[in-house]
Structures are given as structure tokens and as C-alpha cells.
Amino acid sequence: MVGKTVSHYRVVEKLGSGGMGVVYKAEDLRLGRYLALKFLPPHVATDPQVIERFQREARATSALNHPHICTIYGIDQADEGPFIAMELLEGQTLAKRIGGKPVPLPDLLEYAAQMANALEAAHARGIVHRDIKPANVFLTEGNRVKILDFGLAKLVRRERLDFSRTMTVGPDENVSTISGTALGTVAYMSPEQARGQEVDHRSDLFSFGVVLYEMATGRLPFGGNTPATVYDALLNQSPPSVTQLNPEVPAELQNIIAIALEKDREMRYQTAADMRAALQRLRRGDSGTGQAVAAAFLPASGKQWKHKAAFVTGGLGLLALAAVLLLRTERDTNPLPASGRFTQLTEGAGEELFPSLSADGRILVYTARLDGNWDIFIQRVGGKNALNLTRDSSADDTTPVFSPDGEKIAFRSDRDGGGIFVMGATGESLRRLTGEGYNPSWSPTGREIVYSTEQVIRPEARSGARGQLWIVSVDTAEKRRLPTPNDAVQPHWSPHGKRIAYWAADAAGIRDIWTVPAQGGQPAPVTKDTALDWNPVWSPDGRLLYYASDRSGTMNFWRVRVDESSGSVDGEPEPATTPSRDSGNLSFSSKGDRFVYAQRMVLSNIYKVTLDPVAGRVASPEAAITNGTRLDVFPNLSPDGEWLVFSSFGIREDIFVVKAGGTGLRQLTEDEHRDRSPSWSPDGKRIAFHSNRGGNYEIWTIHPDGSGLEQKTHTGHSAFNPVWSPDGKWLSYRTADDAYLMDLDWPWKDQPPLALPRFSGSGWEPSMWSRDGKYLAGTRRQPNGVRAGVVVHSPGSDAVEGLSEIGLRPVWLSDNRRLVFNHEGVLYLLDRASKQYRQLHAAPFGTISGFGVAPDDRTVYYTRANAEADIWMFSPP
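Values in this document were obtained by computation on a predicted structure and should not be read as measured data.

Generally speaking, soluble globular proteins have nonpolar side chains that are buried together. Ranked by internal contacts, the top residues of the largest apolar core, which has 66 residues, are Leu-94, Phe-208, Met-215 and Leu-253. Ranked by residue count, the leading element in this core is helix H3 (residues 105-124), at 10 residues. Once residues within four sequence positions are removed from consideration, Leu-253 is found in contact with Leu-105, Leu-108, Ala-216, Leu-279 and Leu-282.

Following this line, the structure appears as C-alpha cells:
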């Protein structure tokens, strides 16, 4: 090709080649300038799909006139095939610039800002690149970024991943990508792109996050030697933190990268503009923590830093000592609740939850369930006549909280699609603020409210672990996201407005307390242990953070000193114990001399009833299988109908078996780990369950005699709720986002994850295969994290069918047509063909949760929970 004249271009030299073309330097004989010509490689020049994609690159990129996108001059056809005339660039690719080493922070931020600017422009034109990687980012000699290869750009199309084709694993730009399947380089793909799902501009932002990670550390976040291992890491594992691999990286950059690498696209930055703004704030040093970028280069540890610290301390010794004494005196005068009395304020049947105390400590609002739905009640402290403020609505209204001046109440309501609402203190002037949100908390000025996108009723009941924090203006309803790297729920604004406390669940199911600057910045941990910590509430003076925890064996309150400005923790947690085995929903008066909380008591045991499978009705009163103060849940019957396996929540969470008649109780696991959702294998020789005994939740199996404990999945991220196929060859399980199958005939390392199709763009949770193995039934997980709706999937097909809008954990009857499901504590019978359902059984007392049906359809085993919760108050003697 070199030396030939193609059209009116004289080819001068070959510059390089990649999966989408061969590039030559050429002279434009008409205009007398040098440019680049990009031809298809010979082995694909006759492939119509590749030619179309190649031409699409020219059309897409030519629509963009941007300083950080390579300019396209034209497209033409020659004997050698179609080619693009494009801007000639001199310099190197970002891949070569990285070269396996971190890029210095000033250069990294400069490149990142230019890339974000280019992506913002492309996305504004509806163009998604789909192959953002260092090999497609060019650095000119003036350090100007140019993004190359918009040949993979597309607006709407669905492609699938095929491991039988060649795929690039890492940054090697000379390895071809798949033709006709999921395009791009797998290590830089977004999870939705790797699954072959529809992509949008947020896919580019994930890939951009991978590039940022590689620039910051010199390595890829999702590594492996084969496409299957990289694919598994991409979908199921969290990468090491950037600051762990490169301590010189500022925490703010780690936060930006963590948000970009969210596997759920709804939790990432939603636009390139948002990401660009975060990077710009970091560049100029006002990212929310008040630290300039230059400060990030000060080493946090090491001899050099220790010597400097010693020098500063020595030079200012007297001043430092005076400061310490002053701080100690100030701390010692910090008001803490002294001796006092505990008084029960409510005594209604059922549960009264989420109390909020007025600033003067005289008025109480709370949530209670009467007449079939949750309502908000207001009551004078010491009085007994509660007023229902939301009686005019049949929707659930929950989590009320007084404004600082006591004039308004913010709350969550399910009415009109759900969201955060505000009303006057006696129920007047109701208005909607947002179309989503739970657990609102007022700013100290009363001008803003922070909320989470995921609901919290009880901490152990959460399964999504994907909450986001948003702040909304009470006056204008304008919203802004408060970024957190991972999960964030049940926020509480500090009394001086500086920080917001929240709690989060990680992939291993650990619940910990965090705080984050109210204007954005790096979150700071408050707890980091295996205890279940939730419900953070600031003391009114802002010096203490209270929270509920099971660290003492029961769920009670603890407190720890937290600096409201920096988020740093001073000292160890100390108990603030109430006379209750289960306390939560704490709320203080403005003086801090009194507080209210919900005292809860739950009993949960396993029961059975006889079922008439022909008539489809219950034919006998219920009978108890287990008794006691444990919380026995999710019974699963052995194939021979002789034994039940279940999990039990007490101080620990363990697996038990008991004979179906209620005798022979035996404990299979006994340790500090959380063992949940057991399921018998079809041959009755193994029990599968999920457990965090390896750090993250993974699927394990054990023999019915307690021997043979074995880990089956190694996702490195999360795996829950194992379900056996009738032939025992497959296990289905779910992650935080999707459902998967694993082949039990192959070791985990030899099989890529086999993802099941989604239902209407959202995930679902398998619960049982039909007895003939043709269908897998489960529960839909809606985009907001709520689990509701029965779905079925025929393994091997691409479809998931919705059968009902309500329902949890459907279980098949032996006719492979009817299913039983649970909805709001009542069992229903559903016909798959007609999609009609009717009530089957409601427990005489309490509500039904996990359940199972005997192989002959004649007995239903279920968990029946009885919960009582009342509001109590601590006050001075």
C-alpha cells in the first residue's frame, strides 16, 4: 500500500493497525496536507457487517466537531476497499502512556477532564462510543486528548456475548474484537454490555471509570487470563480500592472511580457532565473535604512523614498540650443522658414504629398499621388519644419526621406512585416533594431534606444494598445527588449541617455506619466490624453519634464520639442500653435530655396446615412444629417429606433440621457466620445455603448430619438463595443484580457465569423449579429494589413471563401449573395458565413469611411471625 495513490491521496507510511482497521499516513494531493487514512483490514474487508460498522464510524464521528474527538474529513471507496480520511495525530496512545504504571495525578486529571468533555459532547448528540479504552484515547504532543474509533457507536441495538469467538482481554489494541456479538474489549466493558443487554451513555461512563482506575494504579480493576475469568470479575467482584494500590491517590478520586464502576447503571454518574464536574472540583481542590489536590501528595505514613510530624509536635509542644487539655475539658462537659426513667407511650395492637419527637419533647408522631395500611399518628407525650393524620389515604404512609421548628412533617408515602411528602404538623397543606425516596431527614435549617432511594424497615431484611442519597430543596423541589461509593440508607443530618450519617450493607452483608460531608466528599467510616449496625442518629450537640447494634447479643443502642467536621472517630463505642431486647428508631428532643424509640418483640416459629390440593383450600387448623424464642424462618422440606431444614436468627444465624412432626431438632452450623436460606438437594444428600463464612456471601453445601461443608460459588462479590434443579445438575442463585445458573458437574473455575434473562429490564430472584424441570419461578426485583411479582422462566429461552404484580417466593404444586406465593403475610394460590390468583391461607395470628409445600401437595409448612412494637421514652427523673 505504501507509495500507492488512492483516490487523491498518496500513501506515505503505515502508522498502525487495530481491530477495526489499518491506518496509513497519506498526503492529500488536492489540498497539500498530510492526514490519516483508515482502511479495513484485509481479512474482514468483505464482511458486510464489518463494512457497515466501519462506515458507521465515519458517519457518527463526522457529526461531532469537538477539540477532543478525532476529526473526520470524509469517507470514500477504492479498489482496496472503503476508507476514512481523518485527522493526522502525532503522539502516543494513552495505553502506551500508562505502560503498566500509574499516571502522575496532575496529568491524570488533565486527561480525565478532556475525556469527560468529549463524552459529554458525544452523548449530547445521542452517540454512545461503546469501546472506551486507553488504546482508543490518543495524546498529542501538546498533551491534548483525542478520542478515536467511534466505529462501535450505536443508538439502539441488542447484541449477545459469545465465548466461542475471539475477544480482547486486556489493553492490547492489535487483538480483534468479536464480530457480530458483544463488541468492545471485555476488561473495559460495562456489565450490561458484557451481558449483551441494551446499552446507553452510562455504559461509556463505566468504561471511563475503568480507564481512570488504570491511570491511577497502572493495572486493570477486573483482571484475568481468559475472557471467562475477566467476565466473572466484571460482573461479580469488586476491585481493590485505588487508594490501596496507590496511596498517593486522593480519596476524592477513589470516590469518583467507585461511583463510575457501579455495576448497576442507576447508581453510577448519570451524565458525563456530572462526572466532569466532580473531576473539575477535584482539580481545583474543593471537592468537598476542603483538601487541595496538592495535599494528596503528602504521605499518610512512612518514616519521612513520621519525622515531619515529630518535628511539628516538638516545635509546638506547649501549644499542642494546651489544645489537648482544652479539648479534653470540652469533651468532659459534653452532655450525656443521665439517670432517668423509661415510660411506655403507646400500647396498641401490632407495631408502632418510626417515632419522631418534637424539639420541645412534648409531641410525638409515629407510624402504625390500622385498617390494612400504615398511617401517621400524632400524640401528646403522656396522652393516649392519637390522631390519624393520613386517614384520608389508603396508601401506606410511613417514617414521619418533624421539621426543626416543629411546623412541618416530612414522610414517605406510597400514594400516586410514592415519594417524599411534606405536610403541616396537624396534617394540613400536603404536597409532594419527590417521586421516590424513603427515611427522610431534615437539614438543621429546615430548607432541605436528605433521603435514600431504598427503604429500611428492618436492617436484616434488606436484600438490595444499592441505596443512593439525594438532597431535595423544600421550597423548590430541586434535587441533587450526594454521591457515596456504594450503598447508603437511612440518612440523618448532623445538627450543625456539616455531615450526614447513614448506614450501608456491603457484598458480604456487613452493615456499618458511615458519615459523609453534606456538600459532597469522601465518606468516613464510623464502624467496621461484623456487628449489625444501623439507625444512626446524631446527638443534638453534634458530638456523639448514636446507632442501633447487635454487638452485645441483643439489638440495642450504642454511641461513639464523631467529629462533625471531619468525620473522624474518637474512642471506642460505648453502650447506651435500654431495657429491651430489640430497640430501634431513635429520636431526640432538641436539648437531648429525652429521647423516644421503638421497642420491638418478635416471635417466629414454623407451623403446618393440611392442604386439599384438588379444591385448593386449607383443610385443617395450623399446628406448631417449633417453639421457643428463636426466630425460625424459611423451612424447606426434604424430598422424602421426613425432615425440615430451616435457618434460625438469634444471637447468631445458623442452620437447623427437625423432623416434619416436630421432633429430633438438630443444629448443623454453630459459629459467628450468617447462614441463610437452606435448600435440600433432590437426592436428599446435601443442603445448599448462602453464608458469609468466606467473607462475602457465597453458596455452600453441607450434609444433613453436619459434615462435608463445601463452598460451591466463588464470585468474590455475592451469591444468595440457592435453588436446586429437579435433576440435581444445576443450582440457580442470585447476586445483587441478576439471576444465574451454575453447572454442578463442572468446577467453578471452569465455567463462566450463566446469566438468566431479565424481566422488563430488572432482575429477579429464583425460588423453585417446577417438578418437571420446565420452569423456574421467582420474584421480580423492581428497579427501586422492591421485591414484588411472580415471574416464570423456561431455562434455555430468552423470555421471563410475568404472572402477577404481587407475591414473594412462589412455590410450585406437583401439577406444574399452580403455584403458591406469599403476599403481605398471606398465602395465595396462582394458576400459571390463567394468571388468576385467590387467597389460600392467612395465619390466625401474625403473618406468614417463608414456606414450603410437601411433595404430595397435602401439607404446607410456613414461618408465622408475631411482632409487637411500642414507643417508649427516656426522660429525666
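Quick look at the environment of Gln-379 now. Here Gln-379 lies in strand E13 (residues 373-380). Judged by relative accessible area, which is 5%, Gln-379 ranks as buried. As a C-alpha pair, Gln-379 and Arg-362 span 17 residues in sequence and 9.0 Å in three-dimensional space. Not counting chain neighbours up to four residues away, the residues in contact with Gln-379 comprise Leu-345, Thr-346, Arg-362, Ile-363, Leu-364, Tyr-366, Lys-384 and Ala-386.

So, about the pattern of salt bridges. Across all of its chains, the model carries 37 salt bridges by this definition. For Lys-146, the salt bridge goes to Glu-87, with nearest N and O atoms at 3.3 Å. Of the two residues, Lys-146 is situated in strand E9 (residues 145-147) and Glu-87 in the loop between strand E6 (81-86) and strand E7 (91-93); the sequence distance between them amounts to 59 residues. Here the two residues Lys-146 and Glu-87 agree in accessibility, since each one is buried. Among the salt bridges present, the one from Arg-412 reaches Asp-414, with a minimum N-O distance of 2.7 Å. Accessibility expressed as a relative area gives 34% for Asp-414, which makes it partly exposed. Residues participating in the shared-partner salt-bridge network are Asp-200, Arg-202, Arg-265 and Glu-266.

Below, the discussion takes up the sheet that holds strand E42 (residues 710-711). In spatial order, the strands read E39-E40-E41-E42; together these four strands make up an open sheet with antiparallel pairing. The open sheet has two free edges, formed respectively by strand E39 (675-680) and E42, since each of these has just one partner strand. Pairing between strand E40 (residues 687-691) and strand E41 (residues 698-702): five bridges, direction antiparallel. Bridged to Ile-687 within E41 is Ile-702.

Take the sheet that holds strand E21 (residues 469-473) next. Spatially, E19-E20-E21-E22 is the arrangement adopted by the four strands of the open sheet, whose pairing is antiparallel. The open sheet has two edge strands, strand E19 (438-442) and strand E22 (479-482), and neither has a second partner. Strand-to-strand, the axes of this sheet are offset by a mean angle of 25 degrees, without reference to chain direction. Two elements, E19 and strand E20 (residues 448-452), share three bridges in a ladder whose sense is antiparallel. Each bridged residue has a counterpart across the sheet, and for Ser-441 the counterpart in E20 is Val-450.

Attention shifts here to the side chain of Asp-533. For Asp-533, the location among the structural elements is in strand E27 (residues 533-538). Apart from residues lying up to four places away in sequence, Asp-533 is in contact with Trp-503, Arg-511, Asp-512, Ile-513, Thr-527, Tyr-547, Ala-548, Ser-549 and Arg-551.

Under the criterion given, the structure shown has 22 aromatic pairs. A centroid spacing of 5.4 Å and a plane angle of 10 degrees characterise the contact between Phe-821 and Tyr-828, whose relative ring orientation is stacked. Like Tyr-828, Phe-821 is buried. A cation over a ring is seen here: Arg-666 above Trp-643, with NZ or CZ 5.2 Å from the ring centre. Seen from the ring of Trp-700, Arg-693 lies directly overhead, with NZ or CZ sitting 5.8 Å from the centre.

Along the chain, Gly-16 turns up in strand E2 (residues 9-18). A relative accessible area of 25% places Gly-16 in the partly exposed class. It is 9.6 Å that separates the C-alpha atoms of Gly-16 and Lys-38, two residues lying 22 residues apart in sequence. For Gly-16, the contacting residues outside a window of four places in its chain are Gly-21, Val-22 and Val-23.

Quick look at the pairing of strand E16 (residues 408-413) now. Two faces belong to every sheet, and in a regular strand the side chains alternate between them. Here E16 lies mainly inside the structure; five of its six residues are buried. Note: strand E15 (residues 397-402) against E16, four bridges, orientation antiparallel. The residue of E16 that forms the bridge with Val-401 is Ala-410. Linking two consecutive strands that pair antiparallel, namely E15 and E16, is a turn of five residues; a positive phi of about 75 degrees is found at Gly-406 within it.

A separate point is the pairing of strand E12 (residues 363-370). Judged from the four bridges that link them, strand E11 (residues 352-357) and E12 form a sheet pairing that is antiparallel. From the neighbouring strand, Leu-353 faces E12, where its bridge partner is Thr-367. Hairpin connection of E11 to E12: five residues between the antiparallel strands, including Gly-361 at a positive phi of 75 degrees. As paired elements, E12 and E13 share eight bridges and run antiparallel to each other. Bridge pairing links Arg-369 to Trp-374 in E13.

Basis of the calculations
Residues numbered from 1 in each chain as written. Predicted model: local features only at pLDDT ≥ 70, side-chain atom pairs only at ≥ 80, totals over all residues. Heavy atoms only, no water. Core = buried A, V, L, I, M, F, W, Y, C linked by side-chain atoms within 4.5 Å. Buried < 20%, exposed > 50% of the residue type's maximum accessible area, 1.4 Å probe, protein only. Helix = DSSP H or I, 4+ residues; strand = E, 2+ residues; numbered from the N terminus. Contact = heavy atoms within 4.5 Å. Salt bridge = Lys/Arg side-chain N within 4 Å of Asp/Glu carboxyl O. Pairing = 2+ DSSP bridges. Axes fitted to C-alpha atoms, helices over the stretch in contact; angles between N-to-C directions. Phe/Tyr/Trp six-rings, centres within 6.5 Å; stacked < 30°, edge-to-face > 60°. Lys NZ or Arg CZ within 6 Å of the ring centre and 35° of its normal.

Take it as geometry only, folks, not as evidence of what the structure does.
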